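# Coordinates in review
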Amino acid sequence: MERFLFYFLALMVLVGTSVLPAFSQETLKTNKGQELPTPKGIANMLFYVQRDPNPNTIVYELNLDSKGGLIEAEPVKIYWIRYADGGNKQDLNFIQRKFAYGLNVRKISAEKYELKFVSYGKRTFTLQKGPDGRFHVYAPVNKKQAVLDRVFVRIEGGSFWVPNVVYAEFKGRETATGKEIVERFKP
């Protein structure tokens, strides 16, 4: 069932594909030579998800109230940046939230939460305050603890219902050294 949900996640990335305009920010190349922009200027961004062939990006942002306090009932706000449509923000729809890009969240303590993607529950992440006093999402990357920055899903062909997911890639910063660390795996 988890494999089906992961493929469903990959299916959702295929919806709404379009040609990517030029961007003046750091980018990542897709398997078709497109460039995926890196989201900038989001003060409380925890991490983001990208996939090819679509440039639109899903942002996972710390969900704060008007006084800057964490909204414990929903600590992570998730939305699209629709780069293919001029960079507008857009909420996830019901199917995207419940079957693809949403998170299952479980409160562990006052400032610590367990996170799992609804579409791929084999990896567990932790939202908690770091040594800098700010919230971060921590994840094992190449068997080392890291602050998660980006998730990328490589898709090559397949069908509408069962896309061929070549790999998923986690990128972050190792907590012990601060060095960038990347792990690719076949889900």
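In this text the structure is predicted, and so the values were computed from the model without any measurement. (Residues numbered from 1 in each chain as written. Predicted model: local features only at pLDDT ≥ 70, side-chain atom pairs only at ≥ 80, totals over all residues. Heavy atoms only, no water.)

Counting all residues, the mean pLDDT for the protein is 84, and 80% of those residues have values of 70 or more. Within the protein, helix α1 (residues 2-14) has the poorest average pLDDT of any element, 45, and strand β4 (residues 57-62) the best, 98. Scored below 50 in pLDDT, residues 1-27 shows 73 contacts in the model against residues more than four places distant or in partner chains. (pLDDT = per-residue confidence, 0-100. Helix = DSSP H or I, 4+ residues; strand = E, 2+ residues; numbered from the N terminus. Contact = heavy atoms within 4.5 Å.)

Here the focus is the pattern of salt bridges. This model, assessed by the stated rule, comprises 10 salt bridges. One salt bridge connects R184 with E169, and the closest N-O pair in it is separated by 2.6 Å. Residue R184 is found in strand β13 (residues 180-185), and its partner E169 is found in strand β12 (residues 163-174); the two are separated by 15 residues along the sequence. On the basis of relative accessible area, R184 is assigned to the exposed category, the value being 54%. When salt bridges that share partners are traced, they join R150, E169 and R184 into one network. (Salt bridge = Lys/Arg side-chain N within 4 Å of Asp/Glu carboxyl O. Buried < 20%, exposed > 50% of the residue type's maximum accessible area, 1.4 Å probe, protein only.)

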